[in-house]
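Reading the structure
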Amino acid sequence: MRCMVVIFMLASCAMAAFDDLRLPDYPVHYNDYSRQCHVPVKCSSDPRCPNINDWKDLERWAQQEAFTKFKRDSSFEDNPSSLISDSEYDFNLFFTKGLDDDQEIGVKNTLTTDILLQYLAIKGKCSVRNMLERHCPNVSQSLSLEKCQHRKLHKCDPDYPYRSYDGVCNNLRHATWGQAGNPLKFELAPCFDDYVSKRRMSASGRSLPNNREVISDIQRVTFDVPTNVQLRHVFTLFGVLFSELVNTDIIGRAMKRARNATTGFRGCRPDGSGVSLYRAPLTAPMDVSAQDPNYGPMHVECLNFSPIENANDQCDIRYPTKRNIGTSYLDLDVMYAHGNYDSEGKIVVSHCKASSAFDTNHVLSIQFLSVAGLFSQLHNYCIDRASSCCVNQSKEIMIEKCRALTIGVYQRIVYEELLLSLFGEEFYKQCNFDCEYDEDLESSVSSTYTNSAGRFQHIWIPDNVTVVSGNDRVQRPFFEFFLNLESFDCPSILEGMLEDPVQSSRMSDSLINTFFSKDGKKGHCLMCLDLERGRDAGLCPLVLYKHYFDKISGNPTKCYESFDDLNDIFQKELVDVFRNHYESPHDIDALFLIFEKVRDKEVNMPRTIATAYCVLYKRLKCSDRFFYSWNQFLSPAQKELIHSIDMSTLLALFGGIKNVPVVPWHYQSKRVPAQQLLEKIENKLHLFCSL
């Protein structure tokens, strides 16, 4: 009997693991690590709250300051000297989109609240923290200004069978959940030094180590990145780019914006020799040491950087969060772009048959377009097949039927093919994606995933990429694939990605020296951007997230008092880099979780990263009313096609490849003739007449 109880308890624990899916509206500081490891907690015994007698006057002052700042910031868009010019390597890397009237109100409201919080933080950090964590009931929890009450009312029709383009009404009870423009959320309260805006400091109160120095030292160290032998020889560059498509679908970055679109605000001089005299206030340029092994000889001492825009459109008193301009649903919103159709109902496409909506995003390689183009072509193929059936349905209905089919195929590939390959079978089972739709679960993406775990694929970016033409295979530098996109043959690009194994020994020069370069000499550092975005977003130290995700996954938790304690997470060479740059293990940035060693046989990814992925993708599935596996509006024909079209079939249909890999994510996967897959799908073509 006792054994049965133990078995039941173990089973209950296994079922409970990875099920902490909800992200708090008002996160609090994470104290579980501090309690276990006896680390002092700031403000733990300080009960003070802001004491403001003229709160209404303070609100009006903050609003006036915000309007003035927005007007001043917008003035820089008219000064060519304050914009990155087309002669520079990072032209359009930091491009900004314009604002419509509603978006401008949201940006101004956010600025108003940010300014008020920064003012209060100067008067007392602990009182502001208590207010942000809802411990001050006598202090207003949102601003009462008229502009801050600017809300759209949404009347949702539960019988309307198609998802919206901006995410609104995908949840009937909470119409705005998951919509484009919402803030990213936090598992743990952000770790700003003043709790509202100032960058996190080291344990001793000094600045964190120079971004670029840490990254370049990591690259110089020879060590295996966190992949086991199996994954090192399995995952392909095609899988990396498809993962990037998925991230782009659920995360839309918006640099801090002025009123009109720009090619990117300037922070550095055009040659990078220092901060520009014309630096725009919306930038935060990064310092580069004169001893830098790559940039030093070129006298580059400054790299442009533009922070992501905050989002607090209703002026709530909360921790600052970054804006997600995409919907958080897996809905290919970056492709469909609010109805990007021609007169026949087909998606308007550009090179590689990718949706022309991608053309507004300038930081895209031809490989990305080639992968995305497979789904644009599926939609258009669906329109052609359905139209040939002479079915008496309107163009609008056929568009939505084909859109629902395409999204369903995409979602099934993500959950049943991609994540299975990333996780490995055992961890995939542990994660357990078997759930039902939960209308009280918000579809949201965490800032931790966005700025840490979700950057995992970046360490696989190679120096060179294969282009296949007939029997010829040519290696070309990665930076070239951002330029002159029309000069590339898309099937040759796809074939090359399917043959290229992922980078697995060290970070490439393309990743940290020549990303988005024009000549392969002077370029940006993608990993530096990742690290800087995490710091700008207020991500807490790595050890806190490690502790948090270990608890979620049911793994033992541990304290990290010395750098030697880190040897169970990282290889020794990497620990030595951290020892040389950081004062304490408690200072190390969360981004570096992507280098965690893979120790468990049942997981193909670093365990903490895999847990973060598991929790995110479970939340996105279980919060999606239109997820393909329970979408009541899908017809039997749509469901059968969704289960018949896998990634190999997409490549056979639209890739222009003669022999298609059975598992496109796997390096040297068994191949079958594309014609064989085409003959198989031909037996299903009649289903397009029954959508």
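These figures come from a predicted structure and were not determined experimentally.

Here we look at unusual backbone geometry
In this model, cysteine 315 sits at a positive phi of 60°, which is unusual for a non-glycine residue. Along the chain, cysteine 315 falls in the loop between β2 (302–303) and α9 (333–336). Its relative accessible area of 0% is what places cysteine 315 among the buried residues. In the Ramachandran plot, cysteine 352 falls in the positive-phi region, its phi being about 60° despite a non-glycine side chain. Overall, cysteine 352 belongs to the buried group, its relative accessible area being 9%.

Describing the packing of helix α11 (residues 395–423) against helix α19 (residues 607–622)
It is the contact of α11 with α19, at a shortest axis distance of 11 Å, that shows an interaxial angle of 170°. By the angle between their axes, α11 is roughly antiparallel relative to α19. Packed against α11, whose contacting residues are Val414, Tyr415, Leu419, Leu422 and Phe423, the element α19 presents Ala610, Tyr613, Cys614, Tyr617, Leu620 and Lys621 at the interface. Broken down by class, the residue content of the contact of α11 with α19 amounts to 10 nonpolar, no polar and one charged.

Side note on the side chain of histidine 458
Tracing the backbone through its elements, the reader meets histidine 458 in the loop between α13 (447–451) and β3 (464–469). Here histidine 458 falls in the buried class, since its relative accessible area comes to 5%. Polar contacts involving the side chain of histidine 458 include one to the side chain of glutamate 244, which spans 3.4 Å. Contact partners of histidine 458, with chain neighbours within four places excluded, come to Glu244, Leu511, Leu526 and Asp530.

As for the packing of aromatic side chains
Going through the model one piece at a time under the given rule, you end up with 38 aromatic pairs. Here the aromatic rings of phenylalanine 478 and phenylalanine 482 are separated by 5.5 Å at their centres, their planes lie at 90°, and the arrangement is edge-to-face. With a centroid separation of 6.3 Å and an interplanar angle of 20°, the aromatic rings of phenylalanine 592 and phenylalanine 595 are classed as stacked. By the burial criterion, phenylalanine 592 is buried, and phenylalanine 595 matches it. Here the aromatic cluster, defined as three or more aromatic residues joined through ring pairs, consists of Phe18, Tyr415, Phe423, Phe427, Tyr428, Phe433, Tyr449, Tyr613, Tyr617, Phe627, Tyr628 and Trp630. Here the guanidinium or amino end of arginine 403 rests over the ring plane of tyrosine 165, the centre of that ring lying 3.7 Å away. In this structure, arginine 403 is placed above the aromatic ring of tyrosine 336, and the distance from its NZ or CZ to the ring centre is 5.5 Å.

A short note on the nonpolar core
Ranked by internal contacts, the top residues of the largest apolar core, which has 173 residues, are Phe242, Phe375, Phe423, Met527, Phe592 and Tyr617. Counting residues per element, this core draws most heavily on α11, at 14 residues. If you look at the next biggest cluster of nonpolar residues, it comprises 30 residues, including Trp55, Ala62, Ile115 and Leu132.

Some details on the pairing of β3
Sheet analysis places β3 next to strand β4 (residues 472–477), joined by six bridges and oriented antiparallel. Following the sheet pairing, valine 465 is matched in β4 by arginine 476. In this antiparallel pair of consecutive strands, β3 and β4, the connection spans two residues, and glycine 470 shows a positive phi of 65°.

Brief notes about the environment of lysine 152
Mapped onto the elements of the fold, lysine 152 is located in the loop between α5 (125–132) and α6 (211–220). The spacing of lysine 152 and threonine 176 is 24 residues in sequence and 9.4 Å in space, taken between C-alpha atoms. Polar contacts involving the side chain of lysine 152 include one to the side chain of aspartate 102, which spans 3.3 Å.

Re α11
For α11, with 29 residues, the first-to-last C-alpha span of 40 Å sits near the 42 Å given by 1.5 Å per residue. The largest bend in α11 amounts to roughly 35° and is located at valine 414. α11 sits mainly inside the fold: 23 of its 29 residues count as buried. Once α11 ends, the next one or two residues include glycine 424, with phi positive near 90°.

As for the confidence of the model for the chain
The predicted coordinates of low-pLDDT regions are not to be read in fine detail. Per-residue pLDDT for the chain has a mean of 92; in total, 95% of the residues score no lower than 70. Note on residues 1–15: pLDDT under 50 across the span, and zero contacts to partners over four residues away in sequence or across chains.

Topic: helix α18 (residues 572–581)
For α18, the set of buried residues is Leu574, Val575, Val577, Phe578 and His581. The buried residues of α18 occupy an angular sector of 155° when projected down its axis, which confines them to one face. Turned more than 90 degrees off the buried face of α18, the exposed positions are Lys572 and Asn580.

Focus: the state of the cysteines
Scanning all chains against the criterion turns up 13 disulfides. One disulfide bridge connects cysteine 156 with cysteine 169, the sulfur atoms lying 2.0 Å from each other. Across the S-S bond of cysteine 156 and cysteine 169 the torsion is about -80°, and the bridge reads as left-handed. Taken as a pair, cysteine 156 in the loop between α5 and α6 and cysteine 169 in the loop between α5 and α6 lie far apart in primary sequence, 13 residues in all. Across the disulfide, cysteine 268 is cross-linked to cysteine 302 (sulfur-sulfur distance 2.0 Å). On the S-S bond that ties cysteine 268 to cysteine 302, the torsion sits near -75°, and the link is left-handed. Residue cysteine 268 is found in the loop between α8 (237–250) and β1 (286–287), and its partner cysteine 302 is found in strand β2; the two are separated by 34 residues along the sequence. The exposure classification of cysteine 268 matches that of cysteine 302, with both residues buried.

Thresholds applied
- Residues numbered from 1 in each chain as written.
- Predicted model: local features only at pLDDT ≥ 70, side-chain atom pairs only at ≥ 80, totals over all residues.
- Heavy atoms only, no water.
- Helix = DSSP H or I, 4+ residues; strand = E, 2+ residues; numbered from the N terminus.
- Buried < 20%, exposed > 50% of the residue type's maximum accessible area, 1.4 Å probe, protein only.
- Axes fitted to C-alpha atoms, helices over the stretch in contact; angles between N-to-C directions.
- Parallel < 35°, antiparallel > 145°, perpendicular 65-115°, else oblique.
- Contact = heavy atoms within 4.5 Å.
- Nonpolar A, V, L, I, M, F, W, Y, C, P; charged D, E, K, R; others polar.
- Polar contact = N/O pair within 3.5 Å; in protein donor to acceptor, adjacent residues only side chain to side chain.
- Phe/Tyr/Trp six-rings, centres within 6.5 Å; stacked < 30°, edge-to-face > 60°.
- Lys NZ or Arg CZ within 6 Å of the ring centre and 35° of its normal.
- Core = buried A, V, L, I, M, F, W, Y, C linked by side-chain atoms within 4.5 Å.
- Pairing = 2+ DSSP bridges.
- Expected span 1.5 Å × (residues − 1).
- Bend = angle between axes of the 7 residues up to and from the residue.
- pLDDT = per-residue confidence, 0-100.
- Arc of directions from axis to C-beta.
- Disulfide = S-S within 2.5 Å.

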